[in-house]
Each structure stands twice: as structure tokens, then as C-alpha cells.
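What follows is the residue order along each chain.
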Amino acid sequence: MVSNEELAELLFPEIKTTIADLEARYPLRNLPEGAQVTRFAPSPTGFLHTGSLFTSMISYMTAKKSGGVYFFRLEDTDTKRTIAGSERDLIDQLAHFGIIADEGYFPEGDKGAYGPYKQSARAEIYKTVIKELIIRGRAYPDFCTPEDLDAIRKAQEESKVLPGYYGVYARDRNLSNEERVARIKSGVPWVIRFYSNGDHERKTKFVDAIRGEIELQDNDTDVVILKSDGLPTYHFAHVCDDHFMRTTLISRGEEWIPSTPIHLDMFRALGWKAPKYAHIPSIMKLDHGNKRKLSKRKDPEAAVSFFLEQGYPTESLLVYLMSIANSNFEEWTIANKSFDLAKFPFSIKKIALEGALFDQDKLNYFSKELIARMPLDKEFEQVRAYASAYDPKLDAAIKADPAYLKAILNIEKDRKNPRKDYAKYGDIYPLIRFFFDEEYDQILSGGLPFKEGVGHDLIKAFLSDVREKMPFGVDEPTWFESIKSIGGAHGFALSNKEYKENPSAFVGSVSDCAELLRVAVVGSNQSPNLHEILEILGKAKTDARLAKVIASL
Ligand code: GLU
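These numbers come from a predicted model, not from an experiment.

As a further point, take the overall build of the protein chain. From N to C terminus, the protein chain includes 23 helices and twelve strands. Scaling as 2.2 N^0.38, a compact globule of 553 residues should have a C-alpha radius of gyration of about 24 Å, whereas the protein chain reaches 33 Å, well beyond that. Projected onto its principal axes, the C-alpha positions of the protein chain cover 115 × 50 × 40 Å. Considering the protein chain as a whole, with its 553 residues, one finds that 51% of them fall into the buried category. Summarising the internal contacts of the protein chain: among those between residues at least 6 apart in sequence, 73% fall at separations of at least 24.

Next comes the structure, spelled out in C-alpha cells:
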């Protein structure tokens, strides 16, 4: 007779640690009552997905609000999907959003007492637990080839039973240890499977922190826990890691709900208390009238980099994601006049079950509000960083004259109802290009949009007078009075009311004469505050532009 101990020793001779050693190495955390230990556990398979930013933000906020710990674990056991170096990008991008782990994997080295935080460095831990499961008869080597598994699947199809490696269909679960040892010794490749005691005729229940009680078919599948490459599967790594890292709340994507019975089955087999789960709804998209998950392949907005390239401030995206997470957030921002996420009483329980539809208009709304309220220096630094990475024209303009750009960004900013025309920094250059002479000349050469029916002689006469008489360096009312009086001399009504009462007595209203000046200087009949624009351009530039317009008519 070969005992389980002998089998375990044959499979894992190098493992000398026990589960008890691990329990001692990773003691329960000494945290105040209610403090949550949460984590973000991505696989390094490429870019930061918008849904992952959402999940990590929720994990981070939950830990911070409760005075707990948020850690980062790198799940790099699927070596085929791993993209070298992408973990650094993930960590950098999260840090850019202020989501910095208290402990976890960092490219420059782990931080924290519950590591290693990279799964590929935790083989000893997984094998220790597996060795003990084998001794307890709750794990076993499986020698099936892909063809064997195919044959089992076909047999199940024919007998119309549920597919999977369970019960009588789990071919190798009841092999004798003698047979196992013989096969191992003769070099037959193996994986390790969990020995489930579950029954799919029964139900298993758990309480999800977002969804309340969830009842699912119990697990009875003997899932693979250690692959032939010596690395664990997600299911087993999750159970071991979140146990020994002392996670209290697993916030992860809702696609893991169906696997939860497997995880609970393993926690039961190991005699460990399972952490709480919070399955985060996916962000959805409307596609030809159908709701579907944001897709890496189809939707550019599935990648966080898409927003950064367009120049959305990181705060805008976080604030938008918070509005999806807690539907009372927007109301709160109005009542509290604050977009400070640290002050918002975020609650994981208030996450809506229905995956929210991604709504760029809503993102733009929040972003405009945030940019408008941002202190000028901060906005300028963000615009500068954005421009240097993504917007060469804006970058050149800033480098040529930073103070000029800062003055432009400051237009209608420092007031109770600041201007809200930029949703993202990529919107800026097209809206301000008229400030730069070369761009202005280009606009001018395309023809200026003066109001139809206003004679060129009148425009020329009015603008000539403006060149001569318009004051600079005065306050807005004084400036406007002068425009009015110059306009008045050319037959414009002094007030809109006067004009309305008797339009035929005038060549236009006071607004019409301000518009002539606007079109001449800006090249468009729309712009923010004209007085501020004129002050930024200054007398010389303005004068040169008016001269050019007059000459062109
Ligand atoms: N590595 C898994 C994923 O990227 C993590 C799921 C979890 O948070 O447990 O989906």
C-alpha cells in the first residue's frame, strides 16, 4: 500500500513547509474593527482596461474609507497571455490616478509583509497547500491527455449530462496510489486536481456585498489546481493568496460569479473562512440597441489610455466612474459643491447591479466642471504635461510663451460661474489657435464670417476708428463704453433696447458692432470674453490684425 504521504512526497519532495508554517508566517492582520483589506489583482496582459480602473478604484476606496489596507497582486500565472513589461505600465497608470497600493508588487521590489505579491514567485506556497491536500485525500494527480478529456466530453454529450470533470467522469480521481506512483515514475505527465465533495444537485449560497444572497449550483468539478508548468490555476491561487494575504473583501469583476462555488468548495476543504465577495458590474455599451460589455477589441474607450491621449484629467475619469459606482454621487456633488472623492461617503452596498452604460456626455459634463474649477496653476501644469506627451502644436505654443498660454487659460476662469468649454485638454488648441498670428493669418485668408448685409465700407470705417480710439489696460465697463461710443458714431444703436424699438434708424445694435470687432480679431463670431481676449493680445497685435482686415476688405 502506498500512503497519501508517500504520494505527496514523491510529487513534491522539495516542499518542507506546512500550512501551519504559512499560517504563522502570515499572521492575522492587526487592524481596527471594520477595516477592510482589499486588493487589485490584474494579470499583466496588456493595457489598463477601463473596467479594471473601475474595479481598482472601488477596492482602493473601500480600503481607504474603512481605514484598511489596499494591496496589489500580480497574477502572472498564465504565461501564454503575459505581455512582458505590462505590469509596470499597469502600476504607473494606476499611480497616475492616485491608486497607489499600501503594499504589494512593485517593479522595484515588493512592499509589505504578506508577499511575495507576484504569483509566479509563490510556487512554494501553492505546493505546500497542495501537498497537504494530497495527504488529506483532497487533491490528486490526473494523467488525462487532451484527447482523454475530449473523449469524456463526447461521452457526456451523448448521455446528455453536464460537461466537466466530476463524479464518475473524473477518470483519475479514484486511481490507486500504486497506480499513480507507477505512472509518475514512468514519466507520464500530470496535473493536480482538487477532489471535490460537492454535488451539483445541491445549491450553495453566499452573500455578495453588492448583490446580497446569491444561490448557485454547488461545485462538484475536480478543477485543475496545479498545471503541468508547475503554476497554479486562477481558482486555486485566488483561494491561497487571499487567505494568506488576509484579504477581507474580494472585489472583482462579475464574470467570476459563476466560479465562486468552486472557490467556496476549496475554502471549505481547507477549513478556511472565505472572505466576503463583491462582484463588480461590468461597464456596458449600447451597440445597435443591445447592451454589451465594453470590449477590448471593439471599443477604444475600453482602454484607459484612450482618455489620457485625449487629455481628460485623471480626476474627471475617476469622478465619472464614481458616478457609475454610486448613483447618489452626482446629487452629492451638487449639494456639497465638491468633487473630492475622499470626502464622498462611498458605499460598496450602493453599487447598482445593472452594469452602467458608458456615457461620454456624462464624462464630458464632469470633466468640464472639474477643469473650470481647477486652480489655474494646476490646470496649466496638467495642460503642459498633456501637450508635451500628445499635442505637438499646443506644446510648441506653451514652450514659446508659457505666460501667454497661462493668460489664455485664465480667461473667464477666476469667477463665480467660470467658463466650461473644455472637457479635455485636446479641446484646447482648436479653440485658442486664433491667439497665434500664423493661425490667425490662415483663418483670415479663408475669409471672415462678418454678418451678411453689413457693408464693407462701414466695417472699414468702424475698425479704423477702433484702431485709433479703443483703449487698452482699462476695465471692461470702460472699454465697452468706448466701443459703444465708437459704434454710435457709425450709426449703431447705443443699446439693444433702443435698436429693437426702432431698428430702421440704425445700422445695427451695440451687439452687432461688438461682433464686428470680434470677427475681425478672433476670426469667428463666437469667443469667450472679448475684452479679456483683447487684453491678452495687446495693443500691437490687435492693431496689426485690424490693419490686415481693413486691407483685405
Ligand atoms: N487576475 C484576475 C483577473 O484579471 C483577477 C480576478 C480577481 O480579482 O480575483 O481577472
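Of note, Asp242 is situated in helix α8 (residues 234-244). Residue classification places Asp242 among the buried positions, given a relative accessible area of 1%. Apart from the residues within four sequence positions on either side, Asp242 is in contact with Arg39, Phe71, Arg73, Ala237, Thr247 and Ile250.

The tendency in soluble globular proteins is for nonpolar side chains to be buried as a group. By size, the foremost hydrophobic cluster in this structure holds 101 residues, and its most contacted members are Leu53, Val129 and Ile225. A per-element tally of this core places helix α11 (residues 314-325) first, with eight residues. Counting 52 residues, the second-largest nonpolar core is a separate cluster that includes Tyr429, Leu458, Leu516 and Ala520.

For any two helices packed against each other, the geometry is given by the interaxial angle and the distance between the axes. Here helix α14 (residues 376-390) crosses helix α15 (residues 392-400) at 125 degrees, and the two axes come no closer than 7 Å. Taken together, the axes of α14 and α15 lie oblique to each other. The hand of the α14/α15 crossing is left-handed. Side by side, α14 and α15 meet where Phe380, Val383, Arg384, Tyr386, Ala387, Ser388 and Tyr390 of the first sit next to Pro392, Leu394, Asp395 and Ile398 of the second.

The complete set of buried residues in helix α1 (residues 4-11) reads Leu7, Ala8 and Leu11. Viewed end-on, α1 has its buried residues packed into an arc of 100 degrees, placing them on one side of the element. Those residues of α1 that are buried are in contact with α5 (123-135), β4 (139-142), α7 (177-185) and β5 (191-194).

Every residue lining the ligand is accounted for by Arg39, Ala41, Ser43, Glu75, Tyr234, Arg252 and Trp256. Between the ligand and Ala41, the relevant distance is 2.8 Å, taken from a nitrogen atom to a main-chain nitrogen or oxygen of the residue. Interatomic distance of 3.2 Å between a side-chain N/O atom of Ser43 and a nitrogen atom of the ligand. Considered on its own, the ligand offers 290 Å² of accessible surface; in the complex 80% of this is hidden by protein. Class assignment for the residues of the shell around the ligand results in three nonpolar, one polar and three charged.

The sheet built from three strands is open, its strands ordered β4-β5-β8 with antiparallel pairing. Unpaired on one side and paired on the other, β4 and β8 (224-226) mark the two borders of the sheet. Within this sheet the neighbouring strands show an average axis-to-axis angle of 45 degrees, counted without direction.

Summed over all chains, the structure comprises 51 salt bridges. When the shortest N-O distance is used, the salt bridge between Arg73 and Asp241 registers 3.5 Å. A residue pair is termed long-range when its members are at least 10 positions apart, and Arg73 in the loop between β2 (69-72) and α4 (86-96) and Asp241 in helix α8 qualify at 168 residues. Using a relative accessible area of 0% as the deciding quantity, one classes Arg73 as buried. We classify Asp241 as buried; its relative accessible area is 0%. For Asp199, the salt bridge is made with Arg202, and the minimal N-O distance between the two is 3.9 Å. Its relative accessible area of 25% is what places Asp199 among the partly exposed residues. Within the structure, one salt-bridge network assembled from shared partners comprises Arg39, Arg73, Glu75, Arg122, Asp241 and Asp242.

Attention shifts here to the packing of α1 against α5. Two elements in contact, α1 and α5, have axes whose closest approach is 8 Å; the angle formed by their N-to-C orientations is 155 degrees. In terms of orientation, α1 lies roughly antiparallel with respect to α5. For the element pair α1 and α5, the recorded crossing hand is right-handed. Contact with α1, carried on its side by Asn4, Glu5, Leu7, Ala8, Glu9 and Leu11, involves Lys131, Ile134 and Ile135 of α5 and no other residues of that element. Residue composition of the contact of α1 with α5, grouped by class: five nonpolar, one polar and three charged.

Here three strands make up an open sheet; going across it, the order is β1-β2-β3 and the pairing parallel. Sheet topology places β1 (37-40) and β3 (103-104) at the edges, where each strand pairs with a single neighbour. Pairing of β2 with β3 involves two bridges; the strand directions are parallel. Residue pairing across strands places Phe72 opposite Gly104, the latter belonging to β3. Where helix α3 (residues 50-65) meets the sheet, its contacts fall on β1 and β2, and the angle it forms with β1 comes to roughly 160 degrees.

Criteria and cut-off values
Every chain's residues receive numbers from 1 upward, in the order its sequence appears when written. Reporting of local features is limited, given that this is a predicted model, to residues whose pLDDT is at least 70; pairs of side-chain atoms are given and counted only at 80 or more, and all residues count toward the totals for whole chains, interfaces and linings. Working from all heavy atoms in the structure, the side-chain values ignore hydrogens and water. Runs of H or I in DSSP of at least four residues are treated as helices and runs of E of at least two as strands, each being numbered from the N terminus. For this measure, only C-alpha atoms enter the radius of gyration; the expected value for a globule follows 2.2 Å times N^0.38, where N is the number of residues. Classification of residues uses two cut-offs on accessible area relative to the type maximum, computed with a 1.4 Å probe and protein chains only: under 20% is buried, over 50% is exposed, and between them is partly exposed. In what follows, residue pairs with any heavy atoms lying within 4.5 Å of each other are defined as contacts. Here, nonpolar core refers to any group of buried Ala, Val, Leu, Ile, Met, Phe, Trp, Tyr and Cys residues whose side-chain atoms link them within 4.5 Å. Lines fitted to C-alpha atoms define the axes, with helix axes restricted to the stretch in contact, and inter-axis angles between N-to-C directions lie between 0 and 180 degrees. Relative orientations are named as follows: roughly parallel for angles under 35 degrees, roughly antiparallel for angles over 145 degrees, roughly perpendicular for angles from 65 to 115 degrees, and oblique for any other angle. By convention the crossing between two helices is left-handed if the near helix lies anticlockwise of the far one by an angle smaller than a right angle, and right-handed if it lies clockwise. Regarding the arc, it is the one traced by the directions from the helix axis to the C-beta atoms. Residues are labelled near a given molecule or strand when at least one of their non-hydrogen atoms is within 4 Å of it. Here a polar contact means two N or O atoms within 3.5 Å. Within protein one must be a hydrogen donor candidate and the other an acceptor candidate, and residues neighboring in sequence count only if both atoms are side-chain atoms. The Shrake-Rupley method, run with a 1.4 Å probe sphere, supplies the accessible areas, and residue values consider only the shown protein chains as cover. Charged residues are taken to be Asp, Glu, Lys and Arg, nonpolar residues to be Ala, Val, Leu, Ile, Met, Phe, Trp, Tyr, Cys and Pro, and polar residues to be all remaining types, Gly included. Strand pairing follows a simple DSSP-based rule, namely that at least 2 bridges must link the two strands. By definition here, a salt bridge exists when the distance from a side-chain nitrogen of Lys or Arg to a carboxyl oxygen of Asp or Glu is within 4 Å.

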